[in-house]
Amino acid sequence: MDINLNDLLRKYKSHPYEDHKIDAPHTGLVFFKVRDGQEVAGPSGQWLQKPGTLLYILERENNPKRMYSAFTGRVAGLRAGLEGSFVQAGEQLLTIQHRLNRDEIIDRILRDVLQVFRAPQRARYFFTPETVTFLEKKTDKGLPIAPGDEIIIMSLMKRDSFLPYEGAPGIIYKVYFQQGDLVEQDSPLFGVCPPEKLPFVQKVIQRIRTEWDD
Amino acid sequence: MDKKRILIANRGEIAIRIMNACKELGLDYAVVYTVQDSKSMHVRKAVEEKGSGAAYRISNYKDPNEIFSVADHAGAHAIHPGYGFFSENFRFARRAALRNRPIIFIGPRWEVIRDLGSKINTKRIAKKLRIPVIPGSDEPLYSEIEAEALAEKLFYKQKKDGIEKPSILVKASAGGGGMGIEEVTHLDTFRQIYRRIQNYAKRQFGDEGVLIEQCMRDYHHLEVQLLCSQHKEIVHFGTRNCTIQSTGRQKRVEAAPGFDPDYTDYPFDARKVLNRMVKYSVQLASKVNYDNVGTWEWIVTRDGQPYLLEVNTRIQVENEVSARISRISKHKTPVNLIKEQIRVAFGERLKYRQKHISFRGTSIELRIVAEDVKRGFAPWCGKITRFYFPEKPWVRLYSQVPQDEPYEIPTEYDPNLALAIIWGRNTEQARERARDFLARADIQGEDSRGEPIVTNLEYLMDRLDDVLKF
Amino acid sequence: MDQNYILDSGKYLSGLQDRIIYLGDVKGGLEWGHLQDLLNEVQKIRRNIFEFQEKELLRQIRNLEDRISFFEARVAEGLTPIEVVNIARSVQRFTLQDILENVYDSFTELGGEGDCNIDPAVLVARATISRRVKNRIYFHQVMVIGHEKGKGEEFRNGGSAKPWGNEKALRYMKVAEAEGIPIHSYIFTPGAYPTEDYPGAAQQIARNLYQMAKLRVPVVAFISEGGSGGAEAIGLADIRLMASRGYYSVISPEGAAAIEGHIKEGEQLPRKLVEHCAEQLKITAQDNLSLKTIDRIVEEPPLGARKEDFAFFRRLRYEIIRATDEVVLKTKSFRAFRVYALKRQAMETENGICEEFRLYINWSLSDSEKARLLENRSRKYRNMGHGYNELRQSVVSRLAQAGDTAKQSYYDIRYGLLRHHSRSVQKILEEVSSEGFIFLKTVTEPMRAAYDFVFPKPETPTRTELSTPVRRSIFVEEWEQYISPLANEDRTVTCPNAEKYGCRDLWVPDLYGEFCGVCPSCGHHFPLEYQWYLENLFDKGSVREFNQHIASTNPLNFHGLDAKLKKAVERTNRHSALITFGAEVHGVKLIVAMLYSNFRSGTVGAAEGEKFVRACDKARTTRRPFLAYIHTTGGIRIHEGTLGVIQMPRCTLAVREYIDSGGLYMVVYDNNSYAGPVASFLGCSPYQVGIRSSRIGFAGPRVIRETTGADVPPDYHSAKNALKRGHIQGIWDRRDFRKNLFEAMMTMGSPHLYYK
């Protein structure tokens with residue numbers, strides 16, 4: 001395998017952060033509930049049933065909606081000037097600097113290791129219902145896939161079309177999108193691990209597990 | 001009119017046409033757009049004319065909460081829904097009227113939208129007025145036995161009428177837009193199809209009501225354009241012919257008037273048929289106290305029998321094809337129906353009557369779409385690098401696509417590129433001008449794989465010969 | 001050197017140590033009376049036992065024993081309810097295994113060897129119990145069923161029965177029934193184990209109650225620790241005995257304290273509050289006897305019976321035989337029973353019992369005796385749990401009540417004799433006219449409110465015909481007489497599934513008006529007030545309420561309840577959490593019982609139980625379908641203690657009699673339905689349905705966390721999961737309720753229903 005795990009690990013160790021921009025999902029009056037520099041938590045609980053820190057309230061049509069943090073991290077770049085004012089959809093409100101944990105590091109490094117199947121177009125993507133059923137079962141085995149398999153539906157211009165998988169056969173090791181997400185062109189949809197590489201991938205994971213401390 | 005502000009709750013070419021109408025009426029306006037449409041001409045034009053505060057970015061054109069939220073913030077007095085989106089949504093209109101800060105909905109009052117929005121209900125009202133409608137059920141059926149009995153009756157009627165291959169359509173009553181419709185050609189297969197549609201309807205719309213009606217073949221699709229005020233004034237702007245459609249029943253070429261017996265022969269008395277349709281349309285409008293622009297959709301079969309299909313309680317894409325040939329006496333230019341629509345929504349009187357309206361020439365509308373006609377009209381998306389159309393006094397072009405910079409077609413919406421309305425003294429001239437226009441149009445671009453753009457220009461050219469011919 | 005005295009003393013000292021620890025158990029800790037010091041002393045002597053001279057050792061022991069006895073006497077004198085609870089919970093208390101060893105002559109445990117058992121908390125045994133009559137010994141075969149708390153064994157789960165344990169109990173009850181032997185059930189449970197895993201805590205208890213209501217063998221129950229629904233699962237009996245130091249309660253005092261004090265999860269419960277609740281809940285044997293929720297008390301020593309209290313076991317043996325005799329004799333003739341009872345009374349001395357029986361009574365019953373047994377049981381339960389007020393009735397409704405009795409015979413004639421005739425008439429109608437069509441239409445048309453609105457009926461003039469466009473409120477127009485008050489606000493709300501399904505915010509007037517409170521994109525049901533159902537489910541004007549005069553009260557004088565009740569009455573203008581009424585759906589008459597949330601969270605107490613039983617009986621006599629619509633129920637009203645608990649078997653019995661008479665009993669759950677009612681008269685219905693987005697279960701997430709230590713997923717109690725587990729038979733959309741109800745009445749139920 002032509003991947004230098006040491007370099008990758010060093011890269012992440014020197015800067016184990018990822019910035020998440022928080023935009024207003026729709027129009028409305030914004031009221032902040034956090035300050036710059038404040039530590040915030042993401043959702044917690046076994047089923048992530050407990051929401052994260054309350055970041056801000058977005059009030060539209062007399063509906064004050066409480067917006068919670070989806071990430072753990074530190075608030076930065078909070079646009080305090082917007083407090084109490086009307087914002088348009090997509091207005092950036094703040095950033096959360098999120099420190100990557102071990103599993104996320106594994107996830108990021110795996111993207112470099114796995115054969116990633118990318119979105120050919122900017123479109124909405126779905127797994128076929130059978131695939132969803134399989135993935136929901138959460139077996140450890142992963143879903144085997146071979147070239148030509150049509151397991152993804154691309155929804156573009158109100159039309160759905162099957163997307164045949166192109167690439168080496170293997171098992172789907174990682175899924176990068178949620179059902180119905182609008183995925184940008186060339187963004188990863190899922191990562192496939194060829195069976196012969198499986199031991200290597202597991203070795204990579206093992207190694208990060210031992211070397212990375214949260 | 002005072003300086004009122006109108007929020008334009010739509011995109012693309014209709015937003016531009018509404019802006020123009022507002023400008024001509026001396027009204028202020030604001031527009032909304034989504035991030036995908038940031039490059040659209042409708043945003044650029046609004047910012048150029050009214051400043052950056054006149055364009056609001058929203059999450060979705062289909063979210064009523066966004067529209068009302070912006071309307072309040074922009075201090076809009078009225079909302080123009082354009083076509084599609086909220087134009088025929090009676091709940092939206094109702095909310096506009098009943099909220100704490102009421103906003104004028106530019107369209108008919110919500111009760112009318114609701115009552116005529118249901119095809120079945122329209123059919124029922126029409127039947128009472130003895131307006132011909134397609135034979136079939138006039139309320140949703142929930143019982144299989146009842147449905148089968150009616151199906152049998154419809155087959156019998158067709159046989160009696162000497163129809164060679166009788167068939168009926170089974171539709172989900174809550175459906176629309178061609179979804180949940182199947183054809184039954186033999187009574188034996190009726191139950192099976194009925195059940196399938198019923199299940200589909202239940203799954204899709206939560207209501208298992210089913211409609212059945214005779215399946216019509218060999219017909220022309222005609223429309224009657226009406227304009228009504230809140231003061232019980234009703235005028236019509238003639239008829240138009242929208243028979244040329246894509247396989248998905250999307251209109252591609254329209255022409256006004258609806259038939260032209262001077263141009264081609266019809267197997268029936270075309271003028272008489274058109275007059276009947278207009279008369280019936282006005283009759284129904286008067287019955288329901290219609291109070292805005294509206295389109296009465298009809299089909300005319302080869303034997304010259306018109307049947308009322310439905311009423312579109314909105315301004316339509318093709319409104320201008322009728323407007324282009326209509327003139328109100330003492331007015332210098334053809335009528336602008338969008339302007340008239342806004343005026344009546346604000347409660348103004350028409351200030352003219354039917355006798356003041358005259359018709360002149362033929363107009364043809366061409367819908368220029370990035371679609372692959374050979375592949376079932378599949379939409380194309382990619383980047384447009386050149387977008388050129390000849391400028392002539394007899395053509396009006398509406399497009400959100402800028403001509404001076406590359407434009408990425410948003411994948412979220414239909415790839416409609418432009419609308420061209422061409423006028424001629426008579427049908428021959430209009431047809432030849434349309435030919436000339438299409439021949440000189442030039443659209444270039446490529447998709448993400450570097451393949452060149454596909455449009456329907458050639459298709460439109462091919463279909464020009466069919467215009468208005470039965 | 002003789003070391004025997006040391007061995008004996010060692011044993012004795014360990015006994016003393018146990019007594020101190022037991023005292024500590026009772027007092028809730030060793031702080032009281034410096035018990036810890038005393039214990040230390042005993043332990044010190046035990047450690048240094050070889051250092052002592054015999055005499056000195058005995059002196060020390062005697063001294064210690066005196067002091068312990070002194071303490072014991074003091075504790076026994078002023079036992080508080082919470083201390084009684086402590087006694088019942090103590091590890092040193094006798095368990096079912098001790099009873100099997102000491103009360104019965106021989107026994108064979110069925111379906112269990114220690115922890116090798118489907119549920120070690122529930123013990124079932126075939127046992128033999130003997131009596132001496134004039135020096136002859138007679139043996140009786142019985143089925144013993146009960147909870148085993150174990151002697152500290154973890155796997156016994158403290159006698160907390162899992163659903164499959166209760167299922168096992170039921171299975172062997174049926175065996176006993178088949179074999180015709182009496183059942184002795186022993187209740188030693190803090191409550192049922194709150195899991196929804198199949199067959200489900202609530203559903204299984206309901207099934208047990210439903211079967212026990214008409215079990216054709218004598219059942220005698222003995223309560224040591226009677227924890228609410230868990231106790232009822234095996235507790236529906238012909239005679240209910242209770243240990244004098246046992247407790248029988250609707251909820252643990254700690255649970256009550258958490259509710260009453262609004263104590264947050266994980267916070268320390270104030271001890272005083274727990275003690276207060278234990279007192280208020282009226283949980284002791286004496287309390288229960290005066291509430292008539294038990295029949296007799298079995299005396300224990302002042303501080304409660306422990307494992308080796310052989311005198312107590314002798315007494316228990318006597319009491320259990322006597323109770324069984326009585327049940328059997330009551331089925332024979334009242335006179336025989338009287339004679340027996342008088343004789344027994346004469347033979348019992350003031351403080352003792354007589355182990356000699358003059359008679360041998362055969363415990364097997366003939367068919368007619370079995371029928372009488374069931375009648376007696378029915379009467380017994382119907383006479384229990386009467387803790388409600390009857391408000392003064394108007395003359396009219398009193399007349400109506402008198403009419404009820406006359407109705408039975410009327411309906412018998414109307415629908416029994418004439419039924420055959422009326423059926424053939426209907427058939428002719430269907431054949432000669434298109435009546436059949438009309439009939440079909442009514443069956444299949446969806447609920448009026450939701451759809452007619454969009455498609456106005458042709459008969460009624462449409463609004464478009466109005467010559468002048470008068471603008472009235474939409475709500476008045478669309479809903480004619482009923483508008484959800486929730487709809488009158490210009491604001492939007494977010495669907496709870498918005499994140500998952502991308503539902504848009506909903507405009508409140510749309511949501512609560514036209515949408516019937518249903519999110520149009522994901523189908524989530526927002527809660528609606530119960531009045532909505534009254535207005536939209538039944539034919540207009542057909543709702544006729546009855547028994548409004550039966551009012552909830554405060555039978556235990558629970559502190560603070562009066563004020564709460566008053567508030568509930570003021571808010572709802574009603575007197576109980578249950579509304580019972582007759583109504584029609586497409587002309588078919590039915591009886592409905594509706595538990596609604598606004599009155600004490602739809603909890604069930606004596607008034608609700610009584611109204612339910614009466615509604616059930618009314619449905620039986622009029623041969624109408626019976627619908628229990630549960631807008632919300634929070635369980636049994638804890639403030640009514642075991643008077644509330646007893647409504648579980650009581651109402652289940654009424655349901656059983658209704659169903660056995662050929663009725664159609666349907667239960668529809670909405671919003672939240674938990675605990676006692678689900679575990680009895682609701683859960684026993686063969687047709688249970690959840691309204692979409694409702695939650696159904698035994699215990700809420702908090703109680704589950706606190707008793708099992710495990711968290712449950714947020715959708716644990718969802719209707720969907722209840723359906724998956726087989727607890728309900730379907731999920732209905734609120735907008736289809738009327739249609740589905742009518743369909744159900746047409747297609748389900750026996751020909752005994754009046755319209756069939």
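The structure displayed is predicted, hence computed values, not measured ones.

Visitor: Where do I start with the interface of chain A and chain B in this structure?
Guide: Interfaces are often sized by the accessible area lost when the parts come together. Residue-level contacts link 21 residues of chain A with 32 residues of chain B. The contact between chain A and chain B buries some 2,000 Å² in all, and 44% of this surface belongs to carbon and sulfur atoms. Three residues stand out in chain A for area buried against chain B, namely Glu61, Phe86 and Met157 of chain A, and they jointly supply 34% of the buried area on that side. There are four salt bridges connecting chain A and chain B.

Visitor: Explanation requested: the pattern of salt bridges in the structure shown.
Guide: Oppositely charged side chains are able to pair whenever their charged atoms sit close together. Residue and element names in this part refer to chain B. Inspection of every chain in the model, using the stated rule, returns 109 salt bridges over all chains. With a shortest N-O distance of 2.8 Å, aspartate 72 and arginine 99 are connected by a salt bridge. With aspartate 72 in helix α3 (residues 64-74) and arginine 99 in the loop between α4 (90-98) and β5 (104-105), this residue pair connects regions lying 27 residues apart in the sequence. Note that lysine 119 is salt-bridged to glutamate 310, the shortest N-O span being 3.9 Å. Placement of the pair is lysine 119 in helix α6 (residues 119-128) and glutamate 310 in strand β13 (residues 306-312), with a sequence separation of 191 residues. The structure contains a network of salt bridges with shared partners spanning Glu223, Arg240, Lys251, Glu254, Glu297, Glu318, Glu365 and Arg367.

Visitor: How do you make sense of the nonpolar core when you look at a structure like this?
Guide: The nonpolar side chains of soluble globular proteins are, as a tendency, buried together. Ranked by size, the top nonpolar core spans 144 residues in total, and within it Phe612, Phe626 and Tyr665 of chain C carry the most contacts. For phenylalanine 612 of chain C, the contacting residues outside a window of four places in its chain are Leu578, Ala593, Phe626, Ala628, Cys651, Val655, Tyr665 and Phe681 of chain C. Grouped together as the second largest cluster of nonpolar side chains are 85 residues, Ile172 of chain A together with Ile125, Ile368 and Ala434 of chain B included.

Visitor: What is the right way to look at the state of the cysteines in this model?
Guide: Residue and element names in this part refer to chain C. Counting across every chain of the model gives zero disulfides over all chains. As a non-bridged cysteine, cysteine 516 has cysteine 519 as the owner of its nearest cysteine sulfur, 13 Å distant. A disulfide-free cysteine, cysteine 684 has its sulfur positioned 8.6 Å from the sulfur of cysteine 616, the nearest such atom.

Visitor: What is the right way to read the packing of helix α24 (residues 606-622) of chain C against helix α26 (residues 647-660) of chain C from this model?
Guide: The description of two helices packed together rests on the angle between their axes and the distance between the axes. Residues and elements named next belong to chain C. At a minimum axis distance of 9 Å, the contact between α24 and α26 shows a crossing angle of 5°. Regarding the angle of α24 to α26, the classification is roughly parallel. Contact residues: Ala606, Gly609, Glu610, Phe612, Val613, Cys616, Ala619 and Arg620 in α24; Gln647, Arg650, Cys651, Ala654, Val655, Glu657 and Tyr658 in α26. By residue class, the composition of the contact of α24 with α26 is nine nonpolar, two polar and four charged.

Rules behind the numbers
- Residues numbered from 1 in each chain as written.
- Chains lettered and ligands numbered in written order.
- Predicted model: local features only at pLDDT ≥ 70, side-chain atom pairs only at ≥ 80, totals over all residues.
- Heavy atoms only, no water.
- Contact = heavy atoms within 4.5 Å.
- Buried area = accessible area lost by both parts, 1.4 Å probe.
- Salt bridge = Lys/Arg side-chain N within 4 Å of Asp/Glu carboxyl O.
- Helix = DSSP H or I, 4+ residues; strand = E, 2+ residues; numbered from the N terminus.
- Core = buried A, V, L, I, M, F, W, Y, C linked by side-chain atoms within 4.5 Å.
- Buried < 20%, exposed > 50% of the residue type's maximum accessible area, 1.4 Å probe, protein only.
- Disulfide = S-S within 2.5 Å.
- Axes fitted to C-alpha atoms, helices over the stretch in contact; angles between N-to-C directions.
- Parallel < 35°, antiparallel > 145°, perpendicular 65-115°, else oblique.
- Nonpolar A, V, L, I, M, F, W, Y, C, P; charged D, E, K, R; others polar.

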